[in-house]
Amino acid sequence: TMATIIALNAIVIGLETDMASFPYWDMIENAFLAIFMAELFVQIYSQGRSFFSRNHPDLLWNIFDVSVITLGVIDASMSTCLHSSHGSPATLFRIIRLLRIMRIFRLVKFLKQLYMLAVGFIEAVKAIFWVTLLLSVVLYVCAIIMVRTYGHASESD
């Protein structure tokens with residue numbers, strides 16, 4: 001399935017980071033990119049115009065998929081056009097290559113338990129934000145009360 005291919009791609013990116021001297025990483029990455037592009041074309045072909053419809057339940061995932069695959073195509077194009085490793089185009093090239101790891105976020109789409117965990121994490125972060133805001137207000141009020149009651153030295157001191 002696609003979840004397995006995405007996990008394999010994440011493992012390959014990790015191995016590429018650790019063993020950079022292996023000469024076939026670009027070829028392997030381009031094979032993964034071809035698989036992801038084929039999957040995207042099949043989805044667009046099968047869903048037609050509804051693929052980018054506002055009413056589509058996976059619209060945000062579809063936009064994410066198109067963005068990640070577009071970055072991969074830009075990465076592959078730049079690697080064939082630019083062979084130098086100095087200068088600003090090479091820096092942009094390295095940043096785009098780092099963004100390939102975003103493909104692993106597509107796993108959340110396929111694994112419902114991971115999706116529920118991610119949603120729970122996001123909701124927990126929201127709750128922590130509001131608790132922090134509430135406690136900051138309470139601490140601020142207590143600080144004002146303490147300074148007004150005990151914070152000023154008496155005139156006789």
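Everything numeric here is computed off the predicted structure, so don't read it as measured data. (Residues numbered from 1 in each chain as written. Predicted model: local features only at pLDDT ≥ 70, side-chain atom pairs only at ≥ 80, totals over all residues. Heavy atoms only, no water.)

**Q** Describe the packing of helix H2 (residues 25-47) against helix H3 (residues 59-81), with residues and values.
**A** As a packed pair, H2 and H3 sit with axes 10 Å apart at the nearest point and diverge in direction by 140°. One finds that H2 runs oblique with respect to H3. Considering the relative orientation of H2 and H3, their crossing is left-handed. Where H2 approaches H3, its residues Asn30, Leu33, Phe36, Met37, Leu40, Gln43 and Gln47 are matched on the opposing element by Asn62, Asp65, Val66, Ile69, Gly72, Val73 and Ala76. Split by residue class, the contact of H2 with H3 holds eight nonpolar, five polar and one charged. (Axes fitted to C-alpha atoms, helices over the stretch in contact; angles between N-to-C directions. Helix = DSSP H or I, 4+ residues; strand = E, 2+ residues; numbered from the N terminus. Parallel < 35°, antiparallel > 145°, perpendicular 65-115°, else oblique. Left-handed = near helix turned anticlockwise from the far one by under 90°. Contact = heavy atoms within 4.5 Å. Nonpolar A, V, L, I, M, F, W, Y, C, P; charged D, E, K, R; others polar.)

**Q** Report on the packing of helix H1 (residues 2-18) against H2, specifying residues and quantitative values.
**A** Running from N to C, H1 and H2 cross one another at 155°; their axes reach a closest spacing of 11 Å. Comparing their axes, H2 and H1 come out roughly antiparallel. The element H1 and its partner H2 pack so that their crossing is left-handed. For the pair formed by H1 and H2, the contact residues are Met2, Ile5, Ile6, Leu8, Asn9, Val12, Ile13, Leu15 and Glu16 on the first element and Trp25, Ile28, Glu29, Phe32, Ile35, Phe36 and Glu39 on the second.

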